[in-house]
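Fold and geometry: a report
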Amino acid sequence: NELRAAVGVQRGSPILGLDPEAAKARIERLPWVAQAAVARNLPATVRVVLHERRPMARWQHRGRVQVLDRTGTPVHGADAGRFAHLPLVVGPGAPPETKTLLKTLRSRPDLARRVAAAVHVSQRRWNVRMHNGVTVQLPDGDAAAAWQRLARLEARYGLLQRAIRAVDLRLPDQLVVRLEPDAEPYGPAIARGEAT
């Protein structure tokens, strides 16, 4: 119905009364339309071709949650509640960086399934929050390499299943783990294993 209204022509209307460019502009204002083309095919047909926007993630900013399409553009008017299955990203600089982040996370599906949200920090890097509450601090440089490093640590030591609050991977030659207040220290085993 929204599309019919945006086209602005009804059965029986004079086809030459349709302004294709004006109809195209109206259609492209619809929330899920990325691009449209409108043409009059004489004697009596109006042809509309649409390219829909595809949802990629949910974006939380200033207390609101919006749906982002695959270009990182908010889909204004979209009901974010219908897209609870999509990843959640947070922060003012998140939208243009989300596609790259999701590619990085999905390179390790075993870890990606455990991600609850990702926060864009200082508009330059990500903190990834896991479902169990552990925060993984990725670097502003090669986040993909750090994510692979985390996957190796998780496979070898079960790092994310331990009593920790955060894993800091911002420096490529160091691993900093913040323990839960009542956790036992691990000793140097993890650091030694990662250095080899």
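Above this note sits the structure.
I will try to describe carefully the structure that is included in this document. (Residues numbered from 1 in each chain as written. Predicted model: local features only at pLDDT ≥ 70, side-chain atom pairs only at ≥ 80, totals over all residues. Heavy atoms only, no water.)

A few points about the overall build of the chain
Rules: Note on conventions: DSSP H or I runs of at least 4 residues are helices, E runs of at least 2 residues are strands, and numbering of each starts at the N terminus. Only C-alpha atoms enter the radius of gyration, while the globule expectation follows 2.2 Å times N to the 0.38, with N the number of residues. Type-normalised accessible area, obtained with a 1.4 Å probe on protein chains alone, sets the label of each residue: buried when under 20%, exposed when over 50%, and partly exposed for intermediate values. Accessible surface is estimated by sampling points in the Shrake-Rupley manner with a 1.4 Å probe; for residues, cover comes only from the protein chains shown. Residues counted as positive are Lys and Arg, residues counted as negative are Asp and Glu, and His and the chain ends are not counted. Where a charge sits is defined by one atom per residue type, namely NZ (Lys), CZ (Arg), CG (Asp) or CD (Glu).
Helix and strand counts for the chain come out as six helices and 10 strands. Its C-alpha atoms give the chain a radius of gyration of 24 Å, more than 25% over the compact-globule value 16 Å for 196 residues. Overall size of the chain, expressed as C-alpha extent along the three principal axes, is 80 × 30 × 25 Å. Expressed as a percentage of the 196 residues in the chain, the buried residues total 38%. A total accessible area of about 11,900 Å² is found for the chain, and carbon and sulfur atoms account for 50% of it. Put simply, the chain has 31 plus and 18 minus side-chain charges, and the middle of one group is 4 Å from the middle of the other.

Things to note about the layout of surface pockets
Put simply, the test is: A cavity, in this analysis, means grid points on a 1 Å lattice covering only the protein atoms where a 1.4 Å probe fits yet has no way out; a pocket is instead an open set bounded by protein on both sides within 12 Å along at least five of seven lines, and a residue lines either one if it has an atom within 4 Å of a point. Grid points are joined across faces, edges and corners, and a volume is the space filled by probe spheres set on the points. In this classification, the charged set is Asp, Glu, Lys and Arg, the nonpolar set is Ala, Val, Leu, Ile, Met, Phe, Trp, Tyr, Cys and Pro, and all remaining amino acids, among them Gly, are polar.
Considering only enclosed or pocket space, the largest pocket measures out at about 420 Å³ in volume. Residue lining of the largest pocket: 14 residues in total, with Arg4, Val9, Gln10, Arg11 and Val46 positioned closest to the centre. The set of elements that each furnish at least two residues to the lining of the largest pocket consists of α1 (2–7) and β2 (45–52). A breakdown of the residues in the lining of the largest pocket according to their chemical character gives eight nonpolar, four polar and two charged. The computed volume of the second largest pocket comes to approximately 250 Å³. Along its surface, the second largest pocket is lined by 17 residues, and Leu86, Pro87, Leu102, Ala112 and Val115 are the ones closest to its centre. Counted by class, the lining of the second largest pocket contains 12 nonpolar, two polar and three charged residues.

Description of a positive patch on the surface
Rules: Each patch is assembled from residues with relative accessible area greater than 30% and no salt bridge, linking like charges that lie within 9 Å and nonpolar side chains (Val, Leu, Ile, Met, Phe, Trp, Tyr) that lie within 5 Å. Counted as salt bridges are all cases of a side-chain nitrogen of Lys or Arg within 4 Å of a carboxyl oxygen of Asp or Glu.
A surface patch of positive charge is lined by Arg54, Arg70, Lys99, Lys103 and Arg106. Counting through the fold element by element, arginine 106 comes out in helix α3 (residues 94–106).

Some points on the sheet that holds strand β4 (residues 64–69)
Using the following cut-off: Paired strands, in this sense, are two strands between which DSSP finds at least two bridges. Angles here are taken between N-to-C directions and fall from 0 to 180 degrees, while the axes themselves are lines fitted to C-alpha atoms, restricted in helices to the stretch in contact. Contacts were defined at the residue level, with two residues in contact if any of their heavy atoms lie within 4.5 Å.
Read across the open sheet, the eight strands follow the order β4-β3-β5-β6-β7-β8-β9-β10; overall the sheet is mixed. Of all the strands in the sheet, just β4 and β10 (176–179) have a single pairing partner and so form its edges. Between one strand axis and the next, the sheet turns through 25° on average, direction left out of account. The sheet strands contacting α3 are β3 (55–61), β4, β5 (88–90), β6 (115–121) and β7 (125–130), and the helix crosses β3 at an angle near 125°.

Observations regarding the nonpolar core
So the rule is basically this: Residues enter a nonpolar core if they are buried and are Ala, Val, Leu, Ile, Met, Phe, Trp, Tyr or Cys, with the set joined through side-chain atoms within 4.5 Å.
If you look at the biggest cluster of nonpolar residues, it comprises 30 residues, and the most contacted ones within it are Val128, Leu138, Trp147 and Leu150. Of all the elements in the fold, those that place two or more residues in this core are β3, α3, β6, β7, α5 (143–157) and β9 (164–168). The element best represented in this core is α5, accounting for seven residues. Once residues lying within four places of it in the same chain are set aside, the contact partners of valine 128 are Leu105, Val115, Ala117, Ala118, Val134, Thr135, Val136, Leu138 and Trp147. In this structure, Ala6, Val7, Leu30 and Val38 belong to the second largest nonpolar core, which totals nine residues.

Observations concerning the environment of histidine 76
Relative to the elements of secondary structure, histidine 76 occurs in the loop between β4 and β5. Taking the relative accessible area as the measure of exposure, histidine 76 reaches 54% and is therefore exposed. Residues histidine 76 and proline 96, 20 residues apart in the sequence, show an inter-C-alpha distance of 16 Å. Beyond its immediate stretch of four places on either side in the chain, histidine 76 contacts Pro31 and Gln66.

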